[in-house]
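Survey of secondary and tertiary structure
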Amino acid sequence: SIPAALVSIVVAVSTTVLGFAAKPVIENIIAGVVLSLSKAIRVGDTVVVDNQYGTVEDISLNHTIIKLWNWKRLIIPSNKMLSLELESFSYNDPYIWVHVEFYTCYENDLEQVRQMAIEAVEDSQHFISQDAPAFWVMDLDKDAYQCWVAGWTNSASRAWNLASDIRTGIAIRFQAAGIKAHNFQVKMAPHDGHAEHESKLHALNGS
């Protein structure tokens, strides 16, 4: 026979060990239930988590799967997901405001620059006209205006393409019109060693 005290000790130790072993699982399950009920994130949402940009692909009791922009998967335990700060692009609505920053030197016609930048937004197939494109002069730099142009679209993937279309459209229009982003000059002074080398060449050539 086994003494009752020994049996009690074995049961207590076993219960404690099992409790510690099951703690992460229980915490994950509770966190998964909280995530599901809170609706803070939903499958299909576009988010940034730990500087990782992607789409919520699955939410379970144990983990959340984020499909990253490069098609890799970020798997986050539910208990960790509750403590993370995330940026959601689609919590209330899917609309995303896209802006592009660029520079143009003071010699250029600013009204012409503004019109070209707005046209670059409007010509993109990814522009969704919730509001008209907007243009601002953000700063007067030493050599150029700092400008912003912005427009709306309705998904994160289209926002990426809209920004690319705006930059490309502005660059093409500036090239065609001869508009410079910056106006700078490089002044080069003659180098003494170079001048000495030239004099030696002239001497060797008999001139």
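Computed from a predicted structure; not experimentally measured.

The rules behind the values
Residues numbered from 1 in each chain as written. Predicted model: local features only at pLDDT ≥ 70, side-chain atom pairs only at ≥ 80, totals over all residues. Heavy atoms only, no water. Phe/Tyr/Trp six-rings, centres within 6.5 Å; stacked < 30°, edge-to-face > 60°. Lys NZ or Arg CZ within 6 Å of the ring centre and 35° of its normal. Pairing = 2+ DSSP bridges. Helix = DSSP H or I, 4+ residues; strand = E, 2+ residues; numbered from the N terminus. Axes fitted to C-alpha atoms, helices over the stretch in contact; angles between N-to-C directions. Contact = heavy atoms within 4.5 Å.

**Description of the packing of aromatic side chains**
Scanning the model with the defined rule gives four aromatic pairs in all. One aromatic cluster is present, formed by Phe102, Phe135 and Phe174 through successive ring pairs. One residue, Lys67, lies across the ring of Trp71, its end atom 3.6 Å from the ring centre.

**Section: the sheet that holds strand β6 (residues 96-105)**
Pairing is antiparallel in the open sheet, where three strands are placed in the order β6-β8-β7. Strand pairing shows two members of the sheet lacking a second neighbour, β6 and β7 (134-140), which therefore form its edges. Neighbouring strand axes in the sheet, compared pairwise and without regard to direction, differ in orientation by 25 degrees on average. In this structure, β6 lies alongside strand β8 (residues 144-153), joined through 10 bridges in antiparallel fashion. By the bridge assignment, Ile96 is partnered in β8 with Thr153. Lying on the sheet, helix α3 (residues 110-122) is in contact with β6, β7 and β8; it crosses β8 at an angle near 25 degrees. Where helix α4 (residues 156-177) meets the sheet, its contacts fall on β6 and β8, and the angle it forms with β6 comes to roughly 20 degrees.

Geometric descriptors of this kind do not, in isolation, establish any biological role.
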